[in-house]
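# Reading the structure
Chain residues, written in single-letter form:
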Amino acid sequence: MNTDIPQEILNYFSGCAHKCAEAGLLSCSSGNLSLRLPEFSGDSGLALLSATGSWLEELREDQVALCRISDGRCLNGVRPTMEAGFHLGVMRRRPEVGCVLHFQSPYATVVACMKDKPKDFNVTLEGPLYVGREIPVVPFLPPGSDELAAAVVEALADHDIVLMSNHGQVACGKDFPETFRRAVFFEMACRIIVLSRGNCTTI
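Residues numbered from 1 in each chain as written. Predicted model: local features only at pLDDT ≥ 70, side-chain atom pairs only at ≥ 80, totals over all residues. Heavy atoms only, no water.

Moving on: the environment of Lys 174. Here Lys 174 is to be found in the loop between strand E7 (168-173) and helix H7 (176-195). Judged by its relative accessible area of 55%, Lys 174 is exposed. Between the C-alpha atoms of Lys 174 and Pro 139, which are 35 residues apart in sequence, the distance is 26 Å. In this view, Lys 174 contacts Glu 96, Gly 98, Cys 99 and Thr 179; residues no more than four positions away in its chain are not counted. (Helix = DSSP H or I, 4+ residues; strand = E, 2+ residues; numbered from the N terminus. Buried < 20%, exposed > 50% of the residue type's maximum accessible area, 1.4 Å probe, protein only. Contact = heavy atoms within 4.5 Å.)

Moving on: the packing of aromatic side chains. Applying the stated criterion to the full structure yields three aromatic pairs. Between Tyr 130 and Phe 185, the ring centres sit 5.1 Å apart and the planes meet at 10°, which makes this aromatic pair stacked. Taken together, the residues Tyr 130 in helix H5 (residues 126-131) and Phe 185 in helix H7 connect sequence positions 55 residues apart. Judged by its relative accessible area of 26%, Tyr 130 is partly exposed. (Phe/Tyr/Trp six-rings, centres within 6.5 Å; stacked < 30°, edge-to-face > 60°.)

Attention now moves to helix H1 (residues 7-22). Its 16 residues place the ends of H1 22 Å apart at the C-alpha level, agreeing with the 22 Å of an ideal helix rising 1.5 Å per residue. Every buried residue belonging to H1 is among Leu 10, Phe 13, Ser 14, Cys 16, Ala 17, Cys 20 and Ala 21, and all of these are buried. End-on view of H1: buried residues confined to an arc of 150°, all on one side of the axis. Every exposed residue of H1 that faces more than 90 degrees away from the buried side is listed here: Glu 8 and Glu 22. Of the residues one or two after H1, Gly 24 is the one with positive phi, at around 75°. (Expected span 1.5 Å × (residues − 1). Arc of directions from axis to C-beta.)

Attention now goes to the side chain of Thr 124. Locating Thr 124 in the fold gives a position in the loop between helix H4 (106-112) and H5. Looking at Thr 124, its side chain comes within polar contact range of the side chain of Glu 126, at 3.0 Å. With sequence-adjacent residues up to four places away left out, Thr 124 is seen in contact with Met 188, Ile 192 and Ile 203. (Polar contact = N/O pair within 3.5 Å; in protein donor to acceptor, adjacent residues only side chain to side chain.)

Relative orientation of the contacting elements helix H3 (residues 84-93) and helix H6 (residues 146-155) amounts to 35°, with a least axis distance of 9 Å. Taken as a pair, H3 and H6 cross one another with a handedness that is right-handed. Only Leu 148, Ala 149, Val 152, Val 153 and Glu 154 of H6 make contact with H3, whose side of the interface consists of Gly 85, Phe 86, Gly 89, Val 90 and Arg 93. When grouped by side-chain class, the residues that make up the contact of H3 with H6 number six nonpolar, two polar and two charged. (Axes fitted to C-alpha atoms, helices over the stretch in contact; angles between N-to-C directions. Left-handed = near helix turned anticlockwise from the far one by under 90°. Nonpolar A, V, L, I, M, F, W, Y, C, P; charged D, E, K, R; others polar.)

With that out of the way, let us pick up the pairing of strand E4 (residues 99-103). Taking burial as the measure, the five residues of E4 include five buried ones, the bulk of the element. In this structure, strand E1 (residues 32-36) lies alongside E4, joined through four bridges in antiparallel fashion. Note that in E4 the partner of Leu 35 across the bridge is Cys 99. Pairing of E4 with E7 involves five bridges; the strand directions are antiparallel. Bridging from a neighbouring strand, His 102 pairs with Val 170 of E7. (Pairing = 2+ DSSP bridges.)

Shown next, in the form of structure tokens:
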């Protein structure tokens with residue numbers, strides 16, 4: 001199998017990573033990104049993932065892992081993010097998903113650490129339109145564990161955003177633009193909730 005990733009795909013992947021950083025969704029190595037490669041793989045069986053320990057704001061070409069979705073096997077010798085389990089698990093569970101994003105974005109992470117988490121995040125019109133009416137919450141589980149991966153995959157089986165307790169958010173969608181938009185609007189909703197100290201109306 002040819003494991004040489006075309007330059008234009010590497011450029012696009014790096015551009016997506018940098019855009020997440022520019023939007024203020026992550027700190028240092030706290031974020032990770034995956035993209036399905038239907039055109040490159042021919043059968044939607046491959047995905048690119050950011051490497052473990054990499055910083056998305058300065059992601060290099062040698063920090064992009066090429067993995068097989070079916071079994072998670074890395075094909076180019078770059079170790080993927082420790083959260084590859086749920087990135088690839090979501091893609092296996094939902095063939096229409098082409099992108100998964102995970103961040104410890106500032107406000108979503110504050111909400112994820114609250115004892116009494118909000119039941120309704122729909123504080124603006126963008127919430128129900130782009131994010132969805134319900135946001136599942138998974139309990140704290142060790143990062144990179146099989147248990148966390150299974151919980152996130154199950155939560156995203158019929159949702160597009162999940163809040164991980166004391167950890168952050170995971171968003172998915174058909175492609176990067178859709179997924180990025182969901183993550184940004186969810187972060188905005190969390191920001192409103194945090195700054196208003198929960199004293200906000202929902203729609």
